[in-house]
Amino acid sequence: MSRTTPFPLPKLGIDNVTHETRMKAGTVRRADNVDIAPDGAFKRRAGFRLLEAGDFHSLWRNPVTGIVFVCRGSEVCVIGAGRQLFPIATLPTSDPITYCEYNGATYWAHRRGLGWLPTDRSNGRAVGVPSTWYEVLRESPGALPAGRYGVSVTAVDDRGEESAASPVEFIEVTQGGISVEGIVTDMPAVRVYITDANGEVLHQAIEAPAGLPIYTVAECAKGGELDTRQLRPMPGGQLVAGHAGRLYVADGSTLWFSEAMRPHLNSPAHGYIEMTGRITLLMAVHDGVYVGDQRGVWFLAGRDAGDLQPRLVNSAVALERSGVLVEATAFNMQVVESNVPVVVWLTAEGYRAGKAGGDVVPLQADRLRVARGAGRSSFVMRDGIKQVVSLVKSGLSARSEEHTSELQSP
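As the structure is a computational prediction, the values presented were derived from the model and not from experiment.

Definitions and limits used
Residues numbered from 1 in each chain as written. Predicted model: local features only at pLDDT ≥ 70, side-chain atom pairs only at ≥ 80, totals over all residues. Heavy atoms only, no water. Helix = DSSP H or I, 4+ residues; strand = E, 2+ residues; numbered from the N terminus. Buried < 20%, exposed > 50% of the residue type's maximum accessible area, 1.4 Å probe, protein only. Contact = heavy atoms within 4.5 Å. Lys, Arg positive; Asp, Glu negative; His and termini not counted. Charge placed at Lys NZ, Arg CZ, Asp CG, Glu CD. pLDDT = per-residue confidence, 0-100. Polar contact = N/O pair within 3.5 Å; in protein donor to acceptor, adjacent residues only side chain to side chain. Core = buried A, V, L, I, M, F, W, Y, C linked by side-chain atoms within 4.5 Å. Pairing = 2+ DSSP bridges. Axes fitted to C-alpha atoms, helices over the stretch in contact; angles between N-to-C directions. Salt bridge = Lys/Arg side-chain N within 4 Å of Asp/Glu carboxyl O.

**Q** Run through the overall build of the protein chain, naming residues and quoting values.
**A** Across its full length, the protein chain holds 0 helices and 36 strands. Across its three principal directions, the C-alpha atoms of the protein chain cover 115 × 45 × 35 Å. Counting all 410 residues of the protein chain, 49% fall into the buried class. At a minimum sequence separation of 6, the contacts of the protein chain that also span at least 24 residues come to 50%. With 41 positive and 44 negative side-chain charges, the protein chain shows a separation of 11 Å between the mean positions of the two kinds.

**Q** Go over the confidence of the model for the protein chain with me, naming the residues and quoting the values.
**A** Within the protein chain, residue pLDDT values average 89, and 90% of them lie at 70 or more. Scored below 50 in pLDDT, residues 395-401 shows 13 contacts in the model against residues more than four places distant or in partner chains.

**Q** Can you tell me about the side chain of Thr-254, naming the residues and giving the values?
**A** Inspection of the secondary structure puts Thr-254 in strand β23 (residues 254-259). Polar contacts involving the side chain of Thr-254 include one to the side chain of Glu-274, which spans 2.9 Å.

**Q** Before we move on, could you go through the nonpolar core and cite the residues and values that matter?
**A** Membership of the largest hydrophobic core comes to 19 residues, with the highest contact counts inside it found for Val-151, Ile-178, Val-180, Ile-183, Val-192, Ile-194 and Tyr-215. Of all the secondary structure elements, the ones that give two or more residues to this core are β14 (147-156), β15 (169-173), β16 (176-181), β17 (189-194), β18 (203-209) and β19 (214-217). In this structure, Tyr-215 is in contact with Ile-178, Ser-179, Val-180, Ile-183, Val-190, Val-192, Ile-206, Ala-208, Pro-209 and Ala-210, ignoring residues within four places of it in sequence.

**Q** Let's hear about the sheet that holds strand β27 (residues 288-293): which residues, and what values?
**A** With antiparallel pairing, the 4 strands of this open sheet are ordered in space as β26-β27-β28-β29. Sheet topology places β26 (281-285) and β29 (309-314) at the edges, where each strand pairs with a single neighbour. Across the sheet, the mean angle separating the axes of adjacent strands is 25 degrees when strand polarity is ignored. Pairing analysis gives 6 bridges linking β27 to strand β28 (residues 296-301), with the strands arranged antiparallel. Each residue of the ladder has a partner; that of Val-289, found in β28, is Leu-300.

**Q** Residues and numbers for the sheet that holds strand β5 (residues 56-61), please.
**A** If you trace the 4 strands from one edge of the open sheet to the other, you get β5-β6-β7-β8, paired in antiparallel fashion. Only two strands of the sheet have a single neighbouring strand rather than two, namely β5 and β8 (85-90). Going from strand to strand, the sheet's axes swing by 25 degrees on average, the running direction of each strand aside. Pairing of strand β6 (residues 68-72) with strand β7 (residues 75-79), which is carried by 5 bridges, proceeds in the antiparallel orientation. Looking across to β7, one finds that Val-68 is bridged to Ile-79.

**Q** I'd like a description of the environment of Glu-172, backed by residues and values.
**A** Assignment of secondary structure puts Glu-172 in strand β15. Once residues within four sequence positions are removed from consideration, Glu-172 is found in contact with Glu-139, Gly-147 and Arg-148.

**Q** Explain the pairing of β16 to me, using residue names and the numbers behind them.
**A** Looking along a regular strand, one sees the side chains alternate between the two faces of the sheet. With 6 of its 6 residues buried, β16 lies for the most part within the structure. Taken together, the 6 bridges between strand β13 (residues 136-141) and β16 define a ladder with antiparallel strand orientation. From the neighbouring strand, Glu-139 faces β16, where its bridge partner is Ile-178. With 4 bridges joining them, β16 and β19 adopt antiparallel strand pairing. Pairing of Glu-181 across the sheet is with Ile-214, part of β19.

**Q** Could you give an account of the environment of Phe-48, with specific residues and numbers?
**A** Tracing the backbone shows Phe-48 in the loop between β4 (42-44) and β5. In the structure, Phe-48 is positioned 152 residues away from Glu-200 in sequence and 65 Å away in space, judged by C-alpha atoms.

**Q** Outline the pattern of salt bridges, listing residues and values.
**A** Side-chain pairing between opposite charges can occur once the charged atoms of the two side chains come close. Inspection of every chain in the model, using the stated rule, returns 18 salt bridges. A salt bridge links Glu-75 to Arg-72; the shortest N-O distance between them is 3.1 Å. Residue classification places Glu-75 among the partly exposed residues on the basis of a relative accessible area of 25%. With relative accessibility at 27%, the residue Arg-72 sits in the partly exposed group.

**Q** Tell me what's going on with unusual backbone geometry, and back it up with residues and numbers.
**A** The phi dihedral of Arg-83 is positive, around 60 degrees, even though this residue is not glycine. Along the chain, Arg-83 falls in the loop between β7 and β8. The residue Ala-244 is not glycine, and still its phi comes out positive at about 50 degrees. Residue position: Ala-244 is located in the loop between β21 (239-243) and β22 (246-251). Look at Ala-244 and you get partly exposed, because its relative accessible area is 30%.

**Q** A description of the pairing of β26 should follow, citing residues and the corresponding values.
**A** With 5 of its 5 residues buried, β26 lies for the most part within the structure. Going residue by residue along β26, you find Leu-281, Met-283 and Val-285 tucked away on one face and Leu-282 and Ala-284 tucked away on the opposite face as well. Note: β26 against β27, 5 bridges, orientation antiparallel. In the sheet register, Ala-284 faces β27, and the bridge partner there is Val-289.

What follows is the structure, given as structure tokens:
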């Protein structure tokens, strides 16, 4: 006589760690191409079809504007209506890039630079305004008091953003004026800064359209103080994030941060934090920044880059590019209790959820092991099931493998 043996539904998901004879009820060894609901019910995922062939990579959606980005080789594209691709920038590399949202704008980072799409523009551009310089500095007639003057110039783009300043040069003035000749820039305007006679602080003397053969300063400067001296455009790297009025970029083991309220300019002398190995995670919450390196994951608490307090909050190494910011409402509050967005990342020992304040909650730590390396993560919702999906290399073979964390599951 045959009989039916009931098996519990797999509401706990995959367990690829425990011996098969000791697996908990509600776990399965593999679950390929299925979605598991919080009660354990599962169904086959919908199929897919090819929309367009090509060298596509680095797919991302801006959570504020809803704009979807994808790279086609070395082109950054926006996916528009009818799934049309609109190229917005050309990169010097076809390697994968990473993105972040800052003040609604989209930023992308690669090893050779940093780019962005402003909220009021349809074309991307490099972060920062290229610096300018001049060829000749000489005396001219004018009303300046006699003395020694320092001179520096900057360029201004179409959005009013100012470049880093040129090195300061000094000139002795007896005739009362200063002529600056041969300023080279592709930007629409330039500014000339000078000190007072025998002074040290530079103030704006001129703002004028670019392309003039000579810019003459004939009277004392009355404009604002120069504040882009000894700065440079933010460098590129493998990861980028925005936090509390600054951009942060991970370049190897160095975490660069921008000047306060000047997210496109960096001080190479002071604007960095050196970590203990290659940075694999860079994600911000409202009161700090999660940074992963070879020792694990650190929480840099605070909102001022000059006063961040680092604390090692988890010893598991984060897989590179596996971090994603998830709204608090996506979580089972019995597992991850939070009123603000939470960072989720993948480690070789399963997922981790990082809350504000640096509190880290292990997810599936006793049931999941994956290969170390890089993994791209996304938050998705399919038929009401909320998931973080990560594509990583399998620990058992050379093939790619997808891992998911059902956030509403127990």
